[in-house]
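Architecture at a glance
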Amino acid sequence: MSKSLFKNVCDEQVFSQLYKKLSKDLHDFIYYKFGGHFNPEDKVQEAFLKLWNNCENVTPEKAKSYLFTVINNISLNDAKHKKVVLKFREKKVKTYTNENPEFLVEEKEYLKKFENALSKLTEGQRVAFLLNRVEGKRHKEIAEMLNISRKAVEKRIYTALEKLRQDLDEI
Amino acid sequence: MKKEDLISKWLDNDLTHEELEAFKKLDAFSSYNRISNAAKYFEAPDFDPEESYETLVRPERRKKTTNYGRYSMRIAAVLVVVLGTAYFLFFQNQEVSYYAENADRINLSLPDDSEVVLNADSRLTYDKGDWKQSRDLSLDGEAYFVVSEGSKFTVRTDQGEVSVLGTQFNVKARPGFFEVICYEGLVQVDYNGTSVKLPKSHVFKLYNGTVVNDRTDFSEPSWISKKSFFKSAPLQQVLDELERQYPISIDYDPTNIDTQTIYTGSFSHENLETALQAITIPLNLTFQTDGEIVTLKKNE
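Attention here is on the structure that accompanies the text. (Residues numbered from 1 in each chain as written. Chains lettered and ligands numbered in written order. Predicted model: local features only at pLDDT ≥ 70, side-chain atom pairs only at ≥ 80, totals over all residues. Heavy atoms only, no water.)

On to the packing of aromatic side chains. Per the stated rule, a full pass over the model turns up 24 aromatic pairs over all chains. Consider the rings of Phe15(A) and Phe48(A), whose centres lie 5.7 Å apart with planes at 85°: the pair is edge-to-face. In this pair, Phe15(A) is assigned in helix α1 (residues 12-34) and Phe48(A) in helix α2 (residues 40-53), connecting sequence segments 33 residues apart. Across the pair, Phe48(A) and Phe15(A) agree in class, each one buried. Through successive ring pairs, a cluster of aromatic residues spans Phe15(A), Tyr19(A), Phe48(A), Trp52(A) and Tyr53(B). Its guanidinium or amino end placed over the ring of Trp10(B), Arg133(A) lies 4.9 Å from that ring's centre, counting from NZ or CZ. The ring of Tyr110(A) has Arg34(B) lying over it, and the distance from NZ or CZ to the ring centre is 3.7 Å. (Phe/Tyr/Trp six-rings, centres within 6.5 Å; stacked < 30°, edge-to-face > 60°. Helix = DSSP H or I, 4+ residues; strand = E, 2+ residues; numbered from the N terminus. Buried < 20%, exposed > 50% of the residue type's maximum accessible area, 1.4 Å probe, protein only. Lys NZ or Arg CZ within 6 Å of the ring centre and 35° of its normal.)

Here it is, written out as structure tokens:
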């Protein structure tokens, strides 16, 4: 929404468009930042409610950064001292066709270590890294989401990758 | 190009063909690739924007409230009776039993994620309702266990009891023959009031009242890979096993063939002809098949 006919987001059409366009990114952002026990969907709805209550002051172009800022603040208030718990996803990602038991055990251990290493990254690094590797987002898109420079995103993802490698290649 | 730039470009899916080749030559390429693949396991749960929006703008659809207050006590009373009865009927005694027929086998997952492979003509029974308190099963026949860690895990057979905490082992309880092989961890075998601890790669055999201790070099029972392996076993045992693995019955003249002859070797479960050859040739026997009947004879 680079240019909009609407002055603000008080129109229900505009609002629902925004929801459908941005809610998944907001949801994933909170999930990768704070973990799954956090009810990312609740945070998304809360952020949009705030937007609705404040709709007269927000133009459609500003809505995106408004939402990301708001959802971040809401979650930060909630997240004090809570440790990130990312869960393995239930669905299996199939990368090999013939898996022998040793391979499976090794893979399981690797993922355990991976989970551990992920939680040791800074929030900023983890979010950028997972949005990039899991959601397939380009550096530019992430920069827009997080409202930081493209160079900063690049740095975060690169550092995250190197940290993970150091943690996982040990032993 | 600097290594750091190369990696960053890879991360942004922005490498040219030549750059990609250069990237693949980096020492840590396989580490990077593995990390990238593993990250996908941590994908955020599915999120449906449409549905989420609906629950935001029309929450009343989700929460239907009706006044059940007047009836609640009655409903509760009925529920207590119904659920109570159901509990006694279904949960108190939830005995489950599995039987693998001749020439068949069954792969099982127990409620604690332990795994069992049940060999042909074997029966396994356990109480599902009671499983959380005690991991206790009875076995008649042969089975291979891969036990998840947890409380004591006991396999009862007519000849003895095997208990472990979390490990891999094979139990064979056939008439007149009891064998336990430990493939991982430590297993305790109780028989006739005696107790034996069996470490990894150790074999315990009880044959007609005699105990034999042995070692194995295998990491899992041979029958898992569709072979039966025998080490100094009487022919009788080998033929019994052959009858379990194939839908056949074996016929021979007992005055002519001594079934106590000792045999060492293996036969496949996938081809009867070669299986019969594997048994008969070393023992100087011949065989004749007629449908489901196999006749053994001594070589003249």
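On we go from here.
A few words now on the state of the cysteines. Residue and element names in this part refer to chain A. Following the criterion strictly, the structure yields 1 disulfide over all chains and no others. Across a sulfur-sulfur distance of 1.8 Å, Cys10 and Cys55 are joined as a disulfide pair. Residues Cys10 and Cys55 are joined by a disulfide whose S-S torsion is about 95°; by sign, that bridge is right-handed. Placement of Cys10 in the segment before α1 and of Cys55 in the loop between α2 and α3 (60-79) is noted, with a sequence separation of 45 residues between them. (Disulfide = S-S within 2.5 Å.)

With that settled, consider helix α7 (residues 272-280) of chain B. Residues and elements named next belong to chain B. Within α7, the full set of buried residues consists of Ala275, Leu276, Ile279 and Thr280. All buried residues of α7 lie within an arc of 120° about the axis, which places them on one face of the element. On its buried face, α7 sits against α6 (235-245), β16 (262-268), β17 (285-290) and β18 (293-298). Capping of α7 at its N-terminal end is provided by Asn271; its side-chain oxygen lies 3.0 Å from the backbone amide nitrogen of Glu273. (Arc of directions from axis to C-beta. Contact = heavy atoms within 4.5 Å. Polar contact = N/O pair within 3.5 Å; in protein donor to acceptor, adjacent residues only side chain to side chain.)

All names here are of chain B. At Asp121, a position not held by glycine, the phi torsion is positive, near 50°. Turning to its location among the elements, Asp121 is positioned in the loop between β3 (115-118) and β4 (122-127). The class of Asp121 is partly exposed, set by a relative accessible area of 27%. You will see that Lys226, though not glycine, has its phi angle at about 60°, which is positive.

This next bit is on the packing of helix α6 (residues 139-146) of chain A against helix α7 (residues 150-169) of chain A. The relative placement of two packed helices is expressed as an angle between their axes plus a distance between the axes. Residues and elements named next belong to chain A. The contact between α6 and α7 brings their axes to 8 Å, and the two run at 105°. When the axes of α6 and α7 are compared, the pair comes out roughly perpendicular. Here α6 contributes His139, Lys140, Ile142, Ala143 and Leu146 to the contact with α7, which in turn contributes Arg150, Val153, Glu154, Arg156 and Ile157. Its residues assigned to classes, the contact of α6 with α7 comprises 5 nonpolar, 1 polar and 4 charged. (Axes fitted to C-alpha atoms, helices over the stretch in contact; angles between N-to-C directions. Parallel < 35°, antiparallel > 145°, perpendicular 65-115°, else oblique. Nonpolar A, V, L, I, M, F, W, Y, C, P; charged D, E, K, R; others polar.)

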